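Single-letter residue listing:
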Amino acid sequence: MRKNFYTEDALLKRLLEKHLPNKFFRYADQALTTFGDQVANEIDERAAHTDREGQPRLIKYDKMGNEINHVWVNEGYQQTVEDTYNTGIVGYIHKNIPELGKRGNYIYSYAQGYLLSQSEPGFYCPVTLTMATAYLIDYYADEDLREKFLPHVISTGDVELFEGATFLTERQGGSDVGANEVRAEDHGDYYRLYGEKYFASNAGQCGVTMVLARIPGAPSGTRGLSLFLVPWEENRATNLLSIRRLKDKLGVRAVPSAEVEFEGAKAYLVGDPSQGFKYMMEALNLSRVCNTVASLGIMRRAYIEARDYATNREAFGGSLVQYPMIQETLVNLAVKLETEMVATFDMIDLFDEVMRGHANEEERALLRLYIALLKKETAEQAIEFSHESIEMHGGNGYIEDFVTPRLLRDAQVLTVWEGTANILGLEVMRLLKKYQIHEFFLEKMKNRLAKLEGKANELATPVFGAMKTLGKALAELTSFDERSQLMYPKKIAQMMTDILEAVAILDFALTEGDERTLAIAEIFIENTFYEGRIVAEPLQLKYFDLIVNHEHSKQVH
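- The name an unreviewed UniProt entry assigns to the chain is Isovaleryl-CoA dehydrogenase, from the organism Filobacillus milosensis.
- Turning to the chain, the UniProt annotation filed under Cofactor (unreviewed entry) states: "FAD".
- What the UniProt record of the chain gives under Sequence similarities (unreviewed entry) is the line "Belongs to the acyl-CoA dehydrogenase family."

See the structure below:
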């Protein structure tokens, strides 16, 4: 029996109904039904093949000994590329959807990415890089570059596709991008790049890559980095760039990640040469949302696999799903997943507003905070969900015939890509110091709860308590020296994340939800703010059928 990751996900459909205009939702509902079927079946089968037998390979030389730096990918992967980009996952952010006569948005694109990541989070990396490339060209490239390259980067089958890439990492720098050394020499209408990028994802598959490099005489650190567009094929064909090797990675094996050497590669300056790092950080925020969405996709797949296995597996005289500890695990997974889905789509809604230029400085700062909080939390939860799913399967969960090992391997990189927990914690600290973001944040959270009036009642009590605790902790933190302050960014971030997610699920449950969603909110509050409490009637057992089996529930508003 064929699966469909979209039609089987009632919450995703409800969130799209909430955040999309009616006409757009009707289009998206139909398109995602088709894509959800593809992802759950053909694309999923290709993903397993790519991971196990069909990984990208570097063909360094041709049969005559000529250096060609060709990256081979299997035919199924190539078909997934075509199937995915033709949906408009990148293109319709920047051009009209023919059936609607208007542009799409990030809500729709990220819904596609969430479905794709349930089968192929590795390939969602190149999609993410292409989204970032399209953004940088569309917003900051001059008209000639835009006309020449953007139609290919946002292709939906109408012209040849140029996938994108963004090359930041260098061997001596890593997260310290200001230490980058790749240099750019001015040749009039173009530049030539010299140096090495050490972790260059989508190398060999990209048509263009966006590269940070330093013009001679530019200042040290990130202020001296400029952004360049590098056409891949013309530079590869003339050996002005080369691939030293492909990385042998733990997971996300679908994406070729390489060490790339520029040996006079032709490049074009994008935007203000003093703003390259700023441009790339804007694209990085976009990628961090993609990372969050990919994490949610892995969480969803891990939960589905655990639920279905527990339902069908017989042990000790009955199915696994009959046992209380199994029920507790499944309910807790569903609760955390759906809470983070609601919070993330709220964030993406704000992201769309910011990207359209409809947000003020406070909203832009809050968006940066939400992205940092949710990227960190969802990436860590993707690993936790994969672990729980493996444990639910027992020994089978460790066998590569099942999808669970790949989920765990693919999830692990999401805590590293686009910023580790430490880097994201430092981002929170910067926002605290620059904007006093906690004041905006607490005001926003209190206002959302206040709109619920008496509906939130005792469920909101521990949330208000957590806000007071956060305020007190931050007040104390300001009295510490800098070294001591830098011990606590992740702890502060976790406190803010708990509040953000609690408010998001309470708001959704009491304004958009039903009895089931209210039960999810109740359990989330219990798990988050009363962890470890022992009660005679656990909520997980009380609401198991309602939450996991989706028994009929009535509206509560």
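**Here we look at the nonpolar core**
Here is step 1: Counting residues in hydrophobic clusters, the biggest one holds 168 residues, and the most contacted among them are Y110 and F441.
Here is step 2: By residue number, the principal contributor to this core is helix 10 (residues 324–355), which donates 17 residues.
Here is step 3: For F441, the residues in contact, after removing those within four places along its chain, are L366, L369, Y370, L470, M496, I499 and L500.

**Details of the packing of aromatic side chains**
Here is step 1: The final tally for this structure, using the stated rule, is 17 aromatic pairs.
Here is step 2: Each ring, one from F24 and one from Y27, has its centre 6.5 Å from the other, and the planes form 45°; the classification is tilted. Here Y27 and F24 lie together in helix 2 (residues 22–52), a separation of 3 residues that amounts to about one turn.
Here is step 3: Judged by centre distance (6.5 Å) and plane angle (35°), the rings of F167 and F262 are tilted. With F167 in strand 5 (residues 166–167) and F262 in strand 11 (residues 257–270), this pair connects stretches of sequence that are 95 residues apart.
Here is step 4: Judged by its relative accessible area of 0%, F167 falls in the buried class.
Here is step 5: An aromatic cluster of at least three residues, connected via ring pairs, comprises Y135, Y139, Y140 and Y279.
Here is step 6: Cation over ring: R533 sits above Y530, and NZ or CZ is 4.1 Å from the ring centre.

**Here we look at the pattern of salt bridges**
Here is step 1: This model, assessed by the stated rule, comprises 38 salt bridges.
Here is step 2: Across the pair D346 and K18 runs a salt bridge, and its minimum N-O distance is 3.4 Å. Highlighted residues: D346 in helix 10 and K18 in helix 1 (residues 10–19), separated in sequence by 328 residues.
Here is step 3: Of the charged contacts in the structure, one is a salt bridge between K336 and E340, with a shortest N-O distance of 3.1 Å. Taken together, the residues K336 and E340, both in helix 10 and 4 residues apart, mark about one turn of the helix.

Parameters and conventions
Residues numbered from 1 in each chain as written. Predicted model: local features only at pLDDT ≥ 70, side-chain atom pairs only at ≥ 80, totals over all residues. Heavy atoms only, no water. UniProt positions renumbered as here; feature names shortened; annotations may be inferred. Core = buried A, V, L, I, M, F, W, Y, C linked by side-chain atoms within 4.5 Å. Buried < 20%, exposed > 50% of the residue type's maximum accessible area, 1.4 Å probe, protein only. Helix = DSSP H or I, 4+ residues; strand = E, 2+ residues; numbered from the N terminus. Contact = heavy atoms within 4.5 Å. Phe/Tyr/Trp six-rings, centres within 6.5 Å; stacked < 30°, edge-to-face > 60°. Lys NZ or Arg CZ within 6 Å of the ring centre and 35° of its normal. Salt bridge = Lys/Arg side-chain N within 4 Å of Asp/Glu carboxyl O.

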